[in-house]
Amino acid sequence: MYAKIRTMSEKIHVTGLESSELFEFIEKAGEPKYRAKQLFKGLHERRLRAFDEMTDLPKAFRDNLNEIATASTLAVESKYISEDGTRRYLMNTSDGYPVETVYIPSTGRDTICFSSQSGCPLKCDFCLTAKLGLLRNLTAGEIVEQIIIVLNDVYGVGTATPHGTNLVGMGAGEPFMNFENLIKALGIMSSEEGLFIVPNRVTVSTAGIVPKIYEIAQLGNRPHLAISLSAPTDELRTKLMPINKRWNIDEVMKAARVFEKSLKRGERFTFEYVLLGGVNDSDEQAVELAELLNRYGLRRVKINLIPHNSAEQLDYHPSDPEQVARFKEILESNGVSAYVRQPRGRDIYAACGQLAAKTVDSGS
Ligand code: SAH
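Everything numeric in this text was worked out from a predicted model, so none of it was measured.

Draft legend 1. How the structure looks around the pattern of salt bridges. With the rule as written, the count across this model stands at 18 salt bridges. Put simply, Arg88 and Glu100 hold a salt bridge, and the shortest N to O gap is 2.5 Å. Taken together, the positions of Arg88 in strand S4 (residues 87-92) and Glu100 in strand S5 (residues 98-106) put the pair 12 residues apart, joining distant regions of the chain. With relative accessibility at 0%, the residue Arg88 sits in the buried group. With a closest N to O distance of 2.9 Å, Lys254 and Asp250 form a salt bridge. Here Asp250 and Lys254 lie together in helix H8 (residues 249-261), a separation of 4 residues that amounts to about one turn.

This is the structure in structure tokens:
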């Protein structure tokens, strides 16, 4: 469906270069070193996506940059605004693949939900993104650019990035199957001379790519972690999330235990649990889930219960709100803290598991 159309020659996407690479790039381009810093600020602090807007750079340098590099590879195809203020951006990469990003406003704090892949290789049965399959990994630059585009749309180009901005790696794709680019993008975005969104303001969600949970546990400067569990038993989890055949619940729990040991003071991590009516939301399953966490001695964890966002192509329905409340109560009475995630942007297909490059009529 998404033909690989090369619309652009292979220019270097400078938005995806970390400072040291930008220095190298500048040196190769025959420019003085200090230009690297100026360029970094233009790209990430001022969030400019055209070199010609960086008027502090000499014209000859800008012309040179235009020849060999680009600061804009994503194009917004459509933007949808929900009645609750959530915005969904449907973008295209320069080679024609869909990328979706969601802006979720809330009082005192905004969240941007970015995608790590175009489509997704995992086949979670309750998720619409899964229907796309994996189209390709996004580059570090494409990850960073999503955030720049959203910030520019919401706050205007050239404004300072608001300090309350949080990021969640919970859009399309499995972030831990594009680990290197993800970590690189987070590094670029954390720079004080750029977006200055530090890892403490970022949460990345994984379906349970166990080796990467161990790897991230060792990183000093790392984002918060959420692990999608969605079932208390292997039998059910394998049905819902086939990745469980590769790494089962026991392996995920052992990795989570190691991760827990690496938490900073006061920090917790999260298990996500999509509530599917009549499938994984019974009282018994709530008890099993609490017992599971207790069995592995996990203490600094909370459960985010996500009411299922339905779609015609999915065979599931959301749990009864009363059952959601009971499920949460049972967890809590068994010593596990639980929260119910409020669905946002459902009317524009922006909620969890709804990102499937869908265009809807009310788009602008
Ligand atoms: N691949 C990663 C990142 C996706 S995050 C992961 O699986 O964690 C998206 C979150 O939304 C995951 O917790 C996923 O289980 C959940 N989700 C997927 N489809 C959903 C749906 N239709 N309704 C509610 N939540 C859904």
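Draft legend 2. Examining helix H9 (residues 283-295) more closely. Between the first and last C-alpha of H9 there are 18 Å, a value that for 13 residues agrees with the 18 Å anticipated at 1.5 Å per step. By the burial criterion, the buried members of H9 are Gln285, Ala286, Leu289, Ala290, Leu292 and Leu293. Down the axis of H9, the buried side of the element spans an arc of 155 degrees, and every buried residue falls inside it. The exposed set on the far side of H9, more than 90 degrees from its buried face, consists of Glu284 and Arg295. The inward-facing, buried residues of H9 contact helix H7 (234-240), H8, strand S12 (269-275), strand S13 (301-307) and helix H10 (321-333). Two residues or fewer after H9 comes Gly297, characterised by a positive phi angle close to 70 degrees.

The rules we used
Residues numbered from 1 in each chain as written. Predicted model: local features only at pLDDT ≥ 70, side-chain atom pairs only at ≥ 80, totals over all residues. Heavy atoms only, no water. Salt bridge = Lys/Arg side-chain N within 4 Å of Asp/Glu carboxyl O. Helix = DSSP H or I, 4+ residues; strand = E, 2+ residues; numbered from the N terminus. Buried < 20%, exposed > 50% of the residue type's maximum accessible area, 1.4 Å probe, protein only. Expected span 1.5 Å × (residues − 1). Arc of directions from axis to C-beta. Contact = heavy atoms within 4.5 Å.

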